[in-house]
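Coordinates in review
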Amino acid sequence: MDKKILVIEDDPSTLRLIKYTLQQEGYQVLTAPNGLEGIRKTKSEEPDLVILDVMLPGLDGFEICHRLRANPQTAQLPILMVSGKAREIDRATGLKVGADDYITKPWHRPELVTKIVAMLEAKQCGLKLQ
């Protein structure tokens, strides 16, 4: 069975690009345009990894990440934050609230794919990347 990745992203063009990239790599891609739907899908669909934008309508990515880490059902789920917020304080905040890794937009396909592969391998081995 293909690994399932949930992408929580509100920008349609960014979402299409991430979805296309992941499908080309053989992943099953689930999507959510906002944080509340993302949290719901995380619980109902049980993805293997979440790609999470920081700047979302309603709940921002930092709050979503915090909530996922606080829930025993999703606490160990690998989370990759992808954001246009490129300051070091933003990256530090993402990691502090529980993201396993943080990359900035515009990202490059090899970087995104490499990080996803590493995160999924770490999960399979029962390791945490931080």
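Up top is the structure.
Below: a short report on this structure. (Residues numbered from 1 in each chain as written. Predicted model: local features only at pLDDT ≥ 70, side-chain atom pairs only at ≥ 80, totals over all residues. Heavy atoms only, no water.)

1. A closer look at the overall build of the protein chain
Check the secondary structure of the protein chain and you find 5 helices and 5 strands. Reading the protein chain from its N terminus to its C terminus gives the helix and strand order β-α-β-α-β-α-β-α-β-α. The buried share among the 130 residues of the protein chain stands at 47%. Considering only contacts in the protein chain between residues 6 or more positions apart, those separated by 24 or more positions represent 62%. In the form shown here, the protein chain has an accessible surface area of approximately 6,700 Å², with 52% of it arising from carbon and sulfur atoms. Distance between charge centroids for the protein chain: 2 Å, based on 18 positive and 18 negative side chains. (Helix = DSSP H or I, 4+ residues; strand = E, 2+ residues; numbered from the N terminus. Buried < 20%, exposed > 50% of the residue type's maximum accessible area, 1.4 Å probe, protein only. Contact = heavy atoms within 4.5 Å. Areas by Shrake-Rupley, 256 points an atom, 1.4 Å probe, with all protein chains shown as cover. Lys, Arg positive; Asp, Glu negative; His and termini not counted. Charge placed at Lys NZ, Arg CZ, Asp CG, Glu CD.)

2. Quick word on the nonpolar core
Counting 19 residues, the largest nonpolar core has I8, V50, L52, I64 and M81 as its most contacted members. Counting only elements with at least two residues in this core, the list comes to β1 (4-8), β2 (28-32), β3 (49-53), α3 (61-70) and β4 (79-83). Membership of the second largest hydrophobic core comes to 17 residues, among which are V29, I103, W107 and M119. (Core = buried A, V, L, I, M, F, W, Y, C linked by side-chain atoms within 4.5 Å.)

3. Quick notes on the packing of helix α2 (residues 35-45) against α3
At a minimum axis separation of 10 Å, α2 and α3 run at an interaxial angle of 25 degrees. On the basis of the axis angle, α2 is roughly parallel to α3. Considering the relative orientation of α2 and α3, their crossing is right-handed. For the pair α2 and α3, the contacting residues are G35, L36, I39 and T42 in the first and I64, R67 and L68 in the second. Taken together, the residues that form the contact of α2 with α3 break down as 4 nonpolar, 2 polar and 1 charged. (Axes fitted to C-alpha atoms, helices over the stretch in contact; angles between N-to-C directions. Parallel < 35°, antiparallel > 145°, perpendicular 65-115°, else oblique. Left-handed = near helix turned anticlockwise from the far one by under 90°. Nonpolar A, V, L, I, M, F, W, Y, C, P; charged D, E, K, R; others polar.)

4. As for the pairing of strand β5 (residues 101-104)
In this structure, β4 lies alongside β5, joined through 4 bridges in parallel fashion. Counterpart to V82 in the pairing with β5 is I103. Once the chain exits β4 it traverses helix α4 (residues 88-96) before rejoining the sheet at β5, and the crossover so formed is right-handed. (Pairing = 2+ DSSP bridges. Right-handed = clockwise from strand over helix to strand, strands pointing away.)

5. Points about the sheet that holds β2
Hydrogen bonds along the backbone pair up the strands of a sheet, which may run parallel or antiparallel. Spatially, the 5 strands line up as an open sheet ordered β2-β1-β3-β4-β5, and their pairing is parallel. Only two strands of the sheet have a single partner each, and these edge strands are β2 and β5. Averaged over neighbouring strand pairs, the angle between their axes works out to 20 degrees when direction is ignored. Packed on one face of the sheet, helix α1 (residues 12-24) meets β1, β2 and β3 and runs near 165 degrees to β2. The sheet strands contacting α4 are β4 and β5, and the helix crosses β5 at an angle near 150 degrees.

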